[in-house]
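In case you want the letters, here they are:
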Amino acid sequence: MDSDSEKNLNKVTVRVPGTSANCGPGFDCLGLAATIYNDLELTLLKEENLIIDAHGDGAETIPTDEKNIIWKAARMILDRSGNGDKFKGAILKMQNNIPMSRGLGSSAAAIVAGLTAANEIVGKPFTKKDILKFATEIEGHPDNVAPAIYGGFTISTVDKFNVQTFSFLPKIRLKLIVAVPDFPLSTRIARQVLPKTVSMKDAVFNVSRASMLVAALMQGKENFLTTAFDDAIHQPYRTKLVPGMQEVFQAAKKEGALGVCLSGAGPCLIAFSTTNKHIENNIAVEMVQAFKKNDVQANALILDLDTRGAYVLN
């Protein structure tokens, strides 16, 4: 077998959706997958050589050495499957469409892409649940990696090293209108502003909203969503990091949004609507305008809920 044929056997392309964590009240446990994707073509090499070719959003900032998070994830699969000595290098070709450091799960997509692609090449020794555990180990929490793997909405719990995820599709066909500000916000900074403890009142507020949110989505009860996306334990503290956040929320609701929340740690803000092009477009325009009134340039994405999660393209 010539070297080109061997490389083709050790090559795969995967597609991973962007994600939004928290969904308002479900801090670090609720998430969803959206129809915006990053593609990764991974070729595993026997020789020690790492070639990283990135295109798209944030390509110029992506590490092109051993620090690359996709390569770290792929190496985890290789080492834990006993293939670490067989494959010592790789060629990574990335097409990134998910905005980086905006709260749409770009790092989770990278991790899941590396794990999924490497697992496919070595014969799929690990299940989706294994991939979830590995991804959570790298990311630190499952709220973004779970929907990136499973698609739809996900509810995740962590008990020591055991990660459980329930994935479901709502009985409401939702549109996701995402306002994307022109500045990044690191998760580390967004976590630094959070309090170490919260009051019983705020805890009950969030438990009730998160429960109502899941129930309303699963039963298709739109009228219960009007307050179900509200949050008291992280968004109020992060408002100062996203200029105009409350004004954007109000603008979206005024145009008919079922609910609005911070996407992950931000700064993206996400509004939920039923499938009505007129309402969707009005929400998008008004969210961007509300940001502009606060001296923030933004663009809007109108997305659907991804129902598939990460998958192999070829």
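Owing to the predicted nature of the structure, the values given are computational and were not obtained by experimental measurement.

> I keep staring at the environment of arginine 15 and nothing clicks. Help me out?
Along the chain, arginine 15 falls in strand 1 (residues 11-21). Placed 285 residues apart in sequence, arginine 15 and alanine 300 show a C-alpha to C-alpha distance of 22 Å. Those residues in contact with arginine 15 that lie beyond four places of it in its chain are Tyr37, Asn38, Asp39, Gly309, Ala310, Tyr311 and Leu313. At 2.8 Å, the side chain of arginine 15 forms a polar contact with the side chain of aspartate 39.

> Quick question: what am I supposed to make of the environment of glutamine 219 here?
By the secondary structure assignment, glutamine 219 is in helix 7 (residues 200-219). Remark: the alpha-carbon pair of glutamine 219 and lysine 171, spanning 48 residues in sequence, is separated by 6.1 Å.

> I would appreciate a short explanation of the packing of helix 3 (residues 106-121) against helix 4 (residues 128-139) in the present structure.
Each pair of packed helices gets described by two things: the angle between the helix axes and the distance between those axes. The contact between helix 3 and helix 4 brings their axes to 10 Å, and the two run at 140°. Here helix 4 runs oblique to helix 3, going by the angle between their axes. Taken as a pair, helix 3 and helix 4 cross one another with a handedness that is right-handed. Here Ser107, Ala108, Ile111, Leu115, Thr116 and Asn119 of helix 3 come into contact with helix 4, specifically with Ile131, Phe134, Ala135, Ile138 and Glu139. Considered class by class, the residues forming the contact of helix 3 with helix 4 number seven nonpolar, three polar and one charged.

Rules and cut-offs
- Residues numbered from 1 in each chain as written.
- Predicted model: local features only at pLDDT ≥ 70, side-chain atom pairs only at ≥ 80, totals over all residues.
- Heavy atoms only, no water.
- Helix = DSSP H or I, 4+ residues; strand = E, 2+ residues; numbered from the N terminus.
- Contact = heavy atoms within 4.5 Å.
- Polar contact = N/O pair within 3.5 Å; in protein donor to acceptor, adjacent residues only side chain to side chain.
- Axes fitted to C-alpha atoms, helices over the stretch in contact; angles between N-to-C directions.
- Parallel < 35°, antiparallel > 145°, perpendicular 65-115°, else oblique.
- Left-handed = near helix turned anticlockwise from the far one by under 90°.
- Nonpolar A, V, L, I, M, F, W, Y, C, P; charged D, E, K, R; others polar.

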